[in-house]
Structures are given as structure tokens and as C-alpha cells.
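Okay, here's what each chain looks like letter by letter:
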Amino acid sequence: MLSRVARPTSCLLSRAFSTTLQTNSNVAVLGASGGIGQPLSLLLKMSPFVSRLNLYDIAHTPGVAADLSHISTKAQVKGFLGPEQLDDCLKGAEVVLIPAGVPRKPGMTRDDLFNTNASIVRDLVRACAKTCPKAMICVITNPVNSTVPIASEVMKEEGVYDPKRIFGVTTLDAVRASTFIAEAKDLHVKSVSLPIIGGHSGVTIVPLISQCTPPVSFPQDTREKLTVRIQNAGTEVVEAKAGAGSATLSMAYAAAKFAENLMEAMGGADNKVECAFVRSDVIDGVTYFANPLLLGENGVEQNLGAGKLIDYEKKLVDEAVGELKANIKKGEEFVTASKK
Ligand code: NAD
Ligand code: LMR
């Protein structure tokens, strides 16, 4: 159960993320043995907000769980292996993080992962619908622009859909943008934050540099270069890893940051704002969209919208809309087609 207790003073994560409240959440990671799953599980094991940490995968979870369980922090870790143990893993889960699925190799788009990852997300979310229908579902698996609509359609089919509780985790885009802008302006990175709106692939990633805190200004050509670097940062990592996968460590950091803010908001903390890809009516005709969200006890407390955009950013949103709509439709149609 979530509850308010005193804030510990000696926790790495609480210092790193400037947290203010401690909660006791039951968390499940699906895909826990993977490149993201393992470091994410480590960060969650170090979190003062996690009391139970259930790790599910189709491989290696007994070892990962045994290893993590020796760390002297409060979360009780248990491993679950294979589909027959999935329901047990999900019993009582309040937050479910899903990094299960294949990553990109050089030359691939995120959409190229659809054929493998769509059914993985569909089946995992169906298990969530049956066993922990009230849990916050945080989808990391790509292509996020399609896997979030898939998750939503499955919850609808199962009659337990709550759009406030389904998130596509886009935090890594904001983490990267803050890092790149801090470097460019010689600022302390912890003081820099900005919304990233749209979706999570190429041109659908729209950084709102005009809304950066602290305010920063760039000549237009520099602004454009920074924007393109933020949009292509995932590909930068895929190419550097040269066939060995995509971002894992920075993604684990980003997902843990998102999960900690969500858990704190669920425990009653005020002013927890994160961007995520959610069901939306912010842009006409675009049914899922990422932008700042005020998080609360029941997930999305308030969609804060995109705010005021400069003309360049409006143009970026226009460029994102076509791809976003196509990605969303593909996810929704996949679930409909699976029924037949
Ligand atoms: P990985 O291959 O290292 O790990 C994936 C894990 O999923 C493996 O342990 C595998 O056994 C497991 N898995 C596969 N099928 C499963 C199933 N049916 N049930 C449970 N587990 C299953 O990949 P990774 O580097 O951890 O990346 C995982 C996903 O996250 C990819 O789709 C990648 O594109 C995505 N990703 C998203 C973001 C983001 O910002 N949202 C960032 C980085 C990566
Ligand atoms: C990222 O942004 O790093 C992820 O979406 C993984 C990828 O394929 O780029």
C-alpha cells in the first residue's frame, strides 16, 4: 500500500531526483533481465519508494532477482520466469514498467520493431488487465507511439480502461535535451529542464526550447541543430553501440526518474510534473500526445497541454502530426486485427 512516511536522508535516488515524500509501492518490471530491465531494477531496488519489486522475463529472472535481493535496501525482490508465472508477478502490482521487447540495430527505425514488439506488449498488458487492472502501466517498449495505443485498446477490450493510468515513457528525451542544453550553455545540468512534446520517434519528438528553465536563447541555426540532435539522440546511441542494441543505462535512469515521480504523486506529493505519451485531446485529431502532465494519486491528474509555442516549434508539431496519426492507427488496428 502507498503511505506517507518520513523521508530517508541516505538514499542515492532521493538525492539524485530531489524527492520530498516516501511511499511504499509494489512495482513489477516486465522484461527485467534485459539491457534496460537490469539497471532499471537496480535503480528501483535502491529506491526508498519501492517495498516490493517483482521481476518478470522469459529468461534469467531467477539469477537477476537473486543478485539484486542481496542488496541491503528495503524492497523485497522476487523473480518470475515465463508466462505461467506472469500472473503471480502482477498480483498486487501498483506500478508496472514494461521494457520487454527487442531493441533497434543500426539502420532500423523504431517502427521496424513493431512486428516483434506489438504482440509482446499486447500479451503483457492483457495479463495486467486481468490481474492488476488498477496499476499504472508505464510502457517503455518501442515503438512507443504504437505500443501505448496497443496497451489502451487491450485495456478497453478487457473492460478496465483508464486513460489516466497508461503512460508511454518519453522521459529519456527530456533527460537528453537537458544534458545537451546544459552543455551548450555551460549551465548546471540539474537546473535545466524543458518539455518535450509529441511522440517518441524522429520528427515526432518536439523539444520546446522556448520553454526551457532557465530561459535560453540560440541563433536559429543552432536551435535547429540542437532540435535535430535531440530527435536523433536514440539513433546516436544505436550507431555507437554498433549492433549491440540501443540506449539502456540512460533509459533505466529516465524510467526510474519517471517511476519515482509517479510513485511520489501516488503517495500524495504535490507538483509532480513529467512529460509522457498519453491519451490526449491537446491537438485536434491526434489521439495520443506527449506533453507535461501533473501526476496525482490516480495517475494523470491534469494534462497541462503544450503551452505557448514559437513559430518554429509550431512547424515541428505540424511535421509530427502525420507520423503520429499513422503510428497510433497502426497500434489500434493491430489489436482489432488480433481479435479476428
Ligand atoms: P533487450 O533485448 O536488452 O531486453 C529485452 C528483454 O525483454 C529481454 O530480457 C527479453 O528476454 C525480454 N522479453 C522478450 N520478450 C518478452 C516477453 N514476451 N515477456 C517478457 N520479457 C520479454 O532490450 P532493451 O535494450 O532492454 O530494450 C527493450 C525495449 O525498450 C526495446 O523495444 C527498445 O526499443 C525500447 N527502448 C525504449 C526507450 C524509450 O525511451 N521508451 C529507450 C530505449 C529503449
Ligand atoms: C531511444 O530513444 O534511445 C530509444 O527509443 C531506443 C531507440 O531505438 O532509439
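Everything below is about the structure shown above.
Here's what I pulled together on the structure shown here. Keep in mind the model is a prediction, meaning the values are calculated, not measured.

### Regarding the site of ligand 1
Stage number 1. Close contacts around ligand 1 come from 27 residues, with Gly35, Ile36, Asp57, Val102 and Asn142 the closest.
Stage number 2. For ligand 1, an oxygen atom lies 2.7 Å from a polar atom in the backbone of glycine 35.
Stage number 3. Contact distances for ligand 1 include 2.9 Å between an oxygen atom and a backbone N or O atom of isoleucine 36.
Stage number 4. Relative to its unbound accessible area of 860 Å², ligand 1 is 85% covered by the protein chains.

### Let's talk about empty space enclosed by the protein
Stage number 1. With the rule as written, the count across this model stands at one cavity of 30 Å³ or more.
Stage number 2. Considering only enclosed or pocket space, the largest cavity measures out at about 30 Å³ in volume.
Stage number 3. If you go around the largest cavity, the residues you meet are Pro133, Ala135, Ile137, Met155, Val160, Tyr161, Asp162, Arg165 and Ile166.

### Comments concerning the packing of aromatic side chains
Stage number 1. Tallied over the full model, the rule gives three aromatic pairs.
Stage number 2. For the pair phenylalanine 114 and phenylalanine 334, a centre-to-centre distance of 5.5 Å together with 90° between the ring planes defines the contact as edge-to-face. With phenylalanine 114 in helix α5 (residues 114–131) and phenylalanine 334 in helix α11 (residues 311–339), this pair connects stretches of sequence that are 220 residues apart. The burial state of phenylalanine 114 is the same as that of phenylalanine 334; both residues are buried.
Stage number 3. Above the plane of the ring of phenylalanine 180 lies arginine 229, whose end atom (NZ or CZ) is 3.7 Å from the centre.
Stage number 4. The lysine or arginine in question, lysine 330, covers the ring of phenylalanine 114, its NZ or CZ lying 4.7 Å from the ring centre.

### Points about the side chain of aspartate 173
Stage number 1. Looking at where aspartate 173 falls in the secondary structure, it is placed in helix α7 (residues 171–185).
Stage number 2. Look at aspartate 173: it is buried, it has no salt bridge, and the nearest opposite charge is arginine 176 at 4.0 Å.
Stage number 3. Those residues in contact with aspartate 173 that sit more than four places away from it in its chain are Ile196, Gly199, His200, Ile205 and Ile230.

### Examining the pairing of strand β4 (residues 95–98)
Stage number 1. Residue alternation in β4 divides its side chains into two sets, Val95 and Leu97 and Val96 and Ile98, and both sets are buried.
Stage number 2. Bridge count between strand β1 (residues 25–30) and β4: three bridges; the pairing is parallel. Looking at the pairing, valine 27 lines up with valine 95 of β4.

### A few points about unusual backbone geometry
Stage number 1. Going from asparagine 142 to proline 143, the amide bond is cis rather than trans, its omega being -5°.
Stage number 2. Tracing the backbone shows proline 143 in the loop between β5 (136–139) and α6 (144–157).
Stage number 3. Following threonine 213, the chain continues into proline 214 via a peptide bond in cis, with omega recorded as -5°.
Stage number 4. Tracing the sequence through the fold places proline 214 in the loop between β8 (205–207) and α8 (220–231).
Stage number 5. Phi is positive for aspartate 186, close to 55°, though the residue is something other than glycine.
Stage number 6. Its place among the elements puts aspartate 186 in the loop between α7 and β7 (196–198).
Stage number 7. In this structure, alanine 242 takes a positive phi of about 50° despite not being glycine.
Stage number 8. Within the fold, alanine 242 resides in the loop between α9 (233–241) and α10 (249–266).

What counts as what
Position numbers for residues count from 1 along each chain, tracking the sequence in the order it is written. Throughout, the order in which chains and ligands are written sets their labels, letters from A for the former and numbers from 1 for the latter. Reporting of local features is limited, given that this is a predicted model, to residues whose pLDDT is at least 70; pairs of side-chain atoms are given and counted only at 80 or more, and all residues count toward the totals for whole chains, interfaces and linings. As a rule here, side-chain values cover all heavy atoms of the structure and leave hydrogens and water aside. The rule for a residue being near a molecule or strand is that one of its heavy atoms must lie within 4 Å of it. Identification of polar contacts relies on pairs of N or O atoms within 3.5 Å, with a donor-acceptor requirement for protein atoms, meaning one able to donate a hydrogen and the other able to accept it, and with residues adjacent in sequence counted only if both atoms are side-chain atoms. Computed by Shrake-Rupley with a 1.4 Å probe, the accessible areas treat only the displayed protein chains as cover when residues are assessed. Using protein atoms alone on a 1 Å grid, points that fit a 1.4 Å probe yet trap it form a cavity, whereas open point sets bounded by protein on both sides within 12 Å along at least five of seven lines form a pocket; residues with an atom within 4 Å of a point count as lining. Grid points are joined across faces, edges and corners, and a volume is the space filled by probe spheres set on the points. Geometry of aromatic contacts follows a simple scheme: Phe, Tyr and Trp rings, the Trp one being its six-membered ring, pair when their centres are within 6.5 Å, and the pair is stacked under 30 degrees between planes, edge-to-face over 60, tilted otherwise. Strands here are runs of E lasting at least two residues and helices are runs of H or I lasting at least four, both read from the DSSP assignment and numbered beginning at the N terminus. Exposure is judged per residue with a 1.4 Å probe applied to protein chains only, and the accessible area is read against the type maximum: over 50% gives exposed, under 20% gives buried, and values in between give partly exposed. In our convention, an over-ring charge means Lys NZ or Arg CZ found within 6 Å of a ring centre and within 35 degrees of that ring's normal. Two residue types count as positive, namely Lys and Arg, and two as negative, namely Asp and Glu; His and chain ends fall outside the count. We define a salt bridge as a side-chain nitrogen of Lys or Arg found within 4 Å of a carboxyl oxygen belonging to Asp or Glu. Working rule for contacts: check all heavy atoms of both residues, and any pair within 4.5 Å makes them a contact. Strands pair, by our definition, only if DSSP identifies at least two bridges between them.

Honestly, it's all geometry; don't read function into it.
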